[in-house]
Amino acid sequence: MVQVPEGGELELDVQLEDVGDGVLVTAMVTAPLVGECARCLDEFTSSTQVRFRELFAAVAGASGDDGYLLDGDLLDLEPALRDALVLELPLSPLCRPDCTGLCSRCGIKLADAEPGHAHPDDGGVWAVLKDLFGPDDAERTGDDRAADPEPGSNGRPEDTSLTGTSRPEGSKER
Ligand SMILES: [Zn+2]
Ligand SMILES: [Zn+2]
């Protein structure tokens, strides 16, 4: 969750343009944010900058049902601001882009843990991953592809010497 803190000060840069049947608002807003990091659950503060352009119609219906309306001579920017900001808020906010999060085994914050923090029995997990994405599979598919356009690669000199060491003559002579 991330939100604009209550009472937070927004920085606004607004341009109003009379377009006949309404006012075209071009605004740049910088808003402070407070949130909980989706990875390490730390509270953090940051800010966001949103730019939007909306037509505030003088008469209802001029800009569609969900358009913004002028209230007589008044222009209430808040609904448009809120809509633009909500769209901009990240669903999974991070305290910083490279937040390492929490250890999946013990829940310690990895940024606070010793370098290379690990658990002795983590080997089990890595072994499974190795089985799934091990180098064996990669090599096999790679060899298949390489072998197709080059069928003679199996008869290399190295292979001949291999068959030489394993030929059965030696046992016959004994
Ligand atoms: Zn974090
Ligand atoms: Zn741990």
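This text follows the structure it describes.
Residues numbered from 1 in each chain as written. Chains lettered and ligands numbered in written order. Predicted model: local features only at pLDDT ≥ 70, side-chain atom pairs only at ≥ 80, totals over all residues.

Trainee: For this particular structure, what's the right way to read the environment of glycine 35?
Mentor: Take glycine 35: it is sitting in strand β3 (residues 22–36). Residue classification places glycine 35 among the buried positions, given that 21 C-beta atoms sit within 10 Å. Separated by 34 residues in sequence, glycine 35 and methionine 1 have C-alpha atoms that sit 5.5 Å apart. Beyond its immediate sequence surroundings of up to four residues, glycine 35 is in contact with Met1, Val2, Gln3, Phe44 and Pro93. (Helix = DSSP H or I, 4+ residues; strand = E, 2+ residues; numbered from the N terminus. Buried ≥ 20, exposed ≤ 12 C-beta atoms within 10 Å, placed from the backbone. Contact = placed C-beta atoms within 7 Å.)

Trainee: Quick question: what am I supposed to make of unusual backbone geometry here?
Mentor: For residues besides glycine, phi is generally negative; the peptide bonds are generally trans as well. A positive phi angle is found at leucine 41, which is not glycine, with a value near 65°. Residue position: leucine 41 is located in the loop between β3 and β4 (43–57). Residue classification places leucine 41 among the exposed positions, given that 12 C-beta atoms sit within 10 Å.

Trainee: Whenever I open this one, the pairing of strand β2 (residues 11–18) confuses me. Can you help?
Mentor: When a strand is regular, its side chains alternate between the sheet's two faces. In terms of burial, β2 is a largely surface element, zero of the eight residues being buried. As paired strands, β2 and β3 are joined by eight bridges and run antiparallel to one another. Along β3, the bridge assignment pairs leucine 16 with valine 25. Where β2 hands over to β3, the hairpin turn is made up of three residues, of which glycine 20 adopts a positive phi near 85°. (Pairing = 2+ DSSP bridges.)

Trainee: Even after reading the chapter, I still don't get the pairing of β4, so can you show me in this structure?
Mentor: Summarising the sheet, β3 and β4 pair through 15 bridges and their orientation is antiparallel. Counterpart to glycine 35 in the pairing with β4 is phenylalanine 44. From the end of β3 to the start of β4, which pair antiparallel, there are six residues, and leucine 41 there has a positive phi angle of about 65°. Bridge analysis of β4 against strand β5 (residues 68–69) gives two bridges, and the strand direction is parallel. Each residue of the ladder has a partner; that of phenylalanine 56, found in β5, is tyrosine 68.

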